Amino acid sequence: MISVERVLVVPLPLPELVAYLEDFAHTEEWDPGTVSCVRLDDGPVRMGSRWRNTSVFRGRTTDLEYRLDVREPARLVFVGENRTVTAVDDLRFGIEGTGTRLTYQASLRFKGLAKLAAPFLRSEFERLADGVSTRLPATVAGRT
């Protein structure tokens, strides 16, 4: 398994940031690896809501179906799966002045033969996490 964590301060009050991030379709705006992210169900976002996320990783395009597994006032957890990987994005929020401290943890658990590639993918995954920690605050700052 590969796991990375970044702690960042985002210039948006906690409830507004949670409301923005709970719609996983917004990953198109702040995740440098995401090419598209489309909601697969209707109605308000709720636990169990689903998205198809298309991303590029090491030059390859891959689709994962994500669902919102935890939806709390200060925590969101999204789980994405396809035949080769399970991805977990765990977002925890805390008040930081007039903004929000976001602890973003992303994990990949590879399946089958893909497990053999995990040690070679860590540096690329770290680079993507660095991109999130730069893009997310900048994207949100443009919304205020």
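Here the structure is shown first, and the text comes after it.
This is a predicted model, so every value here is computed, not measured. Per-chain numbering applies: the sequence of each chain, read as written, is numbered from 1 onward. Where totals are concerned, whole chains, interfaces and linings use all residues; where local detail is concerned, this predicted model gives features only for residues with pLDDT of at least 70, and gives and counts side-chain atom pairs only at 80 or more. Hydrogens are left out, water is left out, and the side-chain values use all remaining heavy atoms of the structure.

J.: I would appreciate a short explanation of the nonpolar core in the present structure.
T.: Nonpolar side chains tend to gather and get buried jointly when the protein is soluble and globular. In this structure, Leu21, Phe93, Leu102 and Leu136 are the most contacted members of the largest nonpolar core, which totals 36 residues. Contributing elements (two or more residues each) for this core: strand S1 (2-10), helix H1 (14-21), strand S3 (50-57), strand S4 (60-72), strand S5 (75-81), strand S6 (85-96), strand S7 (99-110) and helix H3 (118-141). The dominant element in this core, judged by the number of residues it contributes, is H3, at 6 residues. When near neighbours in sequence (up to four residues on either side) are disregarded, Leu21 contacts Trp30, Leu76, Phe78, Leu91, Phe93, Leu102 and Leu136. In this text, buried Ala, Val, Leu, Ile, Met, Phe, Trp, Tyr and Cys residues form a nonpolar core when linked through side-chain atoms within 4.5 Å. Burial classes follow relative accessibility: with a 1.4 Å probe on protein chains only, a residue under 20% of its type's maximum area counts as buried, one over 50% as exposed, and anything between as partly exposed. Here a helix means four or more residues in a row that DSSP labels H or I, a strand means two or more in a row labelled E, and each is numbered from the N terminus. In this analysis, two residues are considered to be in contact whenever any of their non-hydrogen atoms come within 4.5 Å of each other.

J.: What is the right way to look at the pairing of S5 in this model?
T.: The two faces of the sheet receive side chains in turn, since in a regular strand these alternate between them. The element S5 is extensively covered by neighbouring structure, given that 5 of its 7 residues are classed as buried. A pair of strands is labelled paired if DSSP reports no fewer than 2 bridges between them. The hairpin formed by S4 and S5 contains 2 residues between the paired strands. Examined bridge by bridge, S5 and S6 share 7 bridges and lie antiparallel to one another. Opposite Phe78, over in S6, you have Asp89 as the bridge partner. Counted between consecutive antiparallel strands, the loop separating S5 from S6 contains 3 residues.

J.: Could you clarify how one ought to interpret the sheet that holds S7 in this entry?
T.: For sheets, the rule is that strands pair by backbone hydrogen bonds, running either parallel or antiparallel. The sheet built from 7 strands is open, its strands ordered S1-S7-S6-S5-S4-S3-S2 with antiparallel pairing. Both edges of this open sheet fall to S1 and strand S2 (34-39), since each of them pairs with a single strand only. In this sheet, adjacent strand axes meet at a mean angle of 20° when their direction is disregarded. Strand direction decides the pairing type here: S1 and S7, joined by 9 bridges, are antiparallel. Along S7, the bridge assignment pairs Val9 with Arg101. For every element, the axis is a line fit to its C-alpha atoms; helices are fit only across the contacting stretch, and the angle between N-to-C directions ranges from 0 to 180 degrees. The sheet strands contacting H1 are S1, S4, S5, S6 and S7, and the helix crosses S6 at an angle near 165°.

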